[in-house]
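Architecture and fold: a report
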Amino acid sequence: MSASADGADERLRVHFVQHESFEAPGAFESWVAGRGHRSSYSRVFEGQPLPLSGSDIDLLVILGGPQSPATSTDECPYFDSAAECRLITSCIAAGRAVVGVCLGAQLIGQALGAGFEPSPYPEIGNFPITLTADGLASPAVAHFGPRPVVGHWHADMPGLTAQARVLAVSAGCPRQIVEYGPLVYGFQCHLEFTQPLVDGLIEQAYPTAVEPSARYVQRAEVMRDHQYDVMNHLLYEFLDRLSVAYRHRSRALRPVG
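Quantities reported herein were computed from a predicted structural model and do not represent experimental measurements. (Residues numbered from 1 in each chain as written. Predicted model: local features only at pLDDT ≥ 70, side-chain atom pairs only at ≥ 80, totals over all residues. Heavy atoms only, no water.)

1. Quick look at the packing of helix H1 (residues 27–35) against helix H7 (residues 229–253)
- Two numbers describe how H1 lies on H7: the axes approach to 10 Å, and their chain directions differ by 55°. Considered as vectors, H1 and H7 are oriented oblique to each other. The way H1 lies across H7 gives a crossing that is right-handed. Mapping the contact onto sequence places Ala 27, Phe 28, Ser 30, Trp 31 and Arg 35 in H1 and Asn 232, Leu 235, Tyr 236, Leu 239, Asp 240 and Ser 243 in H7. (Axes fitted to C-alpha atoms, helices over the stretch in contact; angles between N-to-C directions. Helix = DSSP H or I, 4+ residues; strand = E, 2+ residues; numbered from the N terminus. Parallel < 35°, antiparallel > 145°, perpendicular 65-115°, else oblique. Left-handed = near helix turned anticlockwise from the far one by under 90°. Contact = heavy atoms within 4.5 Å.)

2. With respect to the nonpolar core
- In this structure, Phe 28, Leu 59, Phe 144, Phe 187 and Phe 238 are the most contacted members of the largest nonpolar core, which totals 49 residues.
- Once residues within four sequence positions are removed from consideration, Phe 187 is found in contact with Val 99, Gly 100, Val 101, Cys 102, Ala 105, Phe 144, Gln 176, Ile 177 and Phe 238.
- Ranked by size, the runner-up nonpolar core spans 20 residues in total, among them Val 17, Leu 60, Ala 164 and Val 178. (Core = buried A, V, L, I, M, F, W, Y, C linked by side-chain atoms within 4.5 Å. Buried < 20%, exposed > 50% of the residue type's maximum accessible area, 1.4 Å probe, protein only.)

3. What to know about the UniProt feature "domain: Glutamine amidotransferase" (unreviewed entry) in the chain
- Residues given the UniProt feature "domain: Glutamine amidotransferase" (unreviewed entry) here are residues 55–195.
- Between the C-alpha atoms that bound residues 55–195 there is a distance of 34 Å. The span itself is 20% helix and 34% strand. (UniProt positions renumbered as here; feature names shortened; annotations may be inferred.)

4. What to know about the sheet that holds strand S8 (residues 165–169)
- Judged by pairing direction, the sheet is mixed, and its eight strands sit side by side in the order S2-S1-S3-S4-S10-S9-S8-S6 without closing on themselves. Taken across any chain shown, the strands that pair with only one partner, and hence form the sheet edges, are strand S2 (38–43) and strand S6 (130–131).
- Pairing of strand S4 (residues 97–101) with strand S10 (residues 184–187), which is carried by four bridges, proceeds in the parallel orientation. The residue of S10 that forms the bridge with Val 101 is Phe 187.
- Across the sheet, H1 touches strand S1 (13–18), S2, strand S3 (59–62) and S4, and the angle it forms with S1 is around 165°.
- Those strands touched by H7 are S3, S4 and S10, and its axis lies near 155° from that of S4. (Pairing = 2+ DSSP bridges.)

5. Observations concerning the packing of aromatic side chains
- Summed over all chains, the structure comprises eight aromatic pairs.
- Ring geometry for Phe 16 versus Phe 28: centroids 6.2 Å apart, planes at 70°, classification edge-to-face. Within this pair, whereas Phe 16 is found in strand S1, its partner Phe 28 is found in helix H1, the two being separated by 12 residues in sequence.
- On the basis of relative accessibility, which here comes to 0%, the residue Phe 16 falls in the buried class.
- Since its relative accessible area comes to 2%, Phe 28 is described here as buried.
- Centre to centre, the rings of Trp 153 and Tyr 206 are 6.3 Å apart; their planes meet at 75°, and the pair counts as edge-to-face. With Trp 153 in strand S7 (residues 149–158) and Tyr 206 in the loop between helix H5 (195–205) and helix H6 (220–225), the pair connects residues that are 53 residues apart, well separated along the chain. Each member of the pair, Trp 153 as well as Tyr 206, carries the same accessibility label: buried.
- One aromatic cluster is present, formed by Phe 16, Phe 28 and Tyr 41 through successive ring pairs. (Phe/Tyr/Trp six-rings, centres within 6.5 Å; stacked < 30°, edge-to-face > 60°.)

6. Re the packing of helix H2 (residues 81–93) against helix H3 (residues 103–111)
- Between H2 and H3, the least distance of the axes is 9 Å, while the angle of their chain directions is 75°. It follows from the interaxial angle that H2 and H3 lie roughly perpendicular. Seen from H2, the contacting residues are Ser 81, Glu 84, Cys 85, Ile 88 and Thr 89; seen from H3, they are Leu 107, Ile 108, Gln 110 and Ala 111.
- Residue classes in the contact of H2 with H3 are distributed as five nonpolar, three polar and one charged. (Nonpolar A, V, L, I, M, F, W, Y, C, P; charged D, E, K, R; others polar.)

7. Some remarks on the environment of Phe 28
- Separated by 207 residues in sequence, Phe 28 and Leu 235 place their C-alpha atoms 7.9 Å apart.
- Not counting residues within four places of it along the chain, the set of residues in contact with Phe 28 comprises Phe 16, Val 61, Leu 63, Val 99, Val 101, Glu 192, Leu 235 and Leu 239.

8. Observations concerning the pattern of salt bridges
- Within this structure, the stated rule accounts for 11 salt bridges.
- Across the pair Arg 13 and Asp 58 runs a salt bridge whose closest N-O atoms are separated by 3.0 Å. One end of the pair, Arg 13, is in strand S1; the other, Asp 58, is in the loop between S2 and S3, and 45 residues separate them in sequence.
- Since its relative accessible area comes to 27%, Arg 13 is described here as partly exposed.
- Close ionic contact of Glu 237 with Arg 241 constitutes a salt bridge, the shortest N to O distance being 2.8 Å. Note that Glu 237 and Arg 241 are positioned in helix H7 at a spacing of four residues, about one turn of the helix. (Salt bridge = Lys/Arg side-chain N within 4 Å of Asp/Glu carboxyl O.)

Pasting the structure below:
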């Protein structure tokens, strides 16, 4: 992506916080590469540090993981929930775009003082979500249509602030997409799933203790047979729209003269 008419670089600096090798960015990376943006990473499972602030980030993406916001460093030495929450609040305060996926969505809720809660049902597989009235009216996600099928792999869900708007729900979880602010979104669902990513999740984390016949848990072979392109393109359009909103907001806040 080239410079805009006013000379500003339109490429976004996208920073990923990745908690496990098998919870990869998936389709997020395809979008970054396809749009010519720049990516950086904190692969905390490899000991890579978090940024100290959001000053060099345009879009922060916090990915999922088997941890919860309540997981301590004693339980998982490379996962520092408090440090990630500080990074999230730094990015929000600086007017950066923030997207959390699964654990990442719960960490946004935690960072904003809303915490997280168990979901009514665990969901693992590909199931429809339903856009709420706010979702259908939202420029960010209205293109999803009323009931898109998306990926799921969770047992918890993010908490809600007083200002938060729930944009989508599912039969098993009442908080699938949450807008915390104009540039801040939590996705309990996984639109970034790709076939290699799902294969890795099944190999590393498929819940053998949960019967595939349980409500909202699909068999591994059904997940492997799913076509993920449609949900990926919904994610790409969301990120394109978020990018436009971020650039407009940044220009509006830019000092004149």
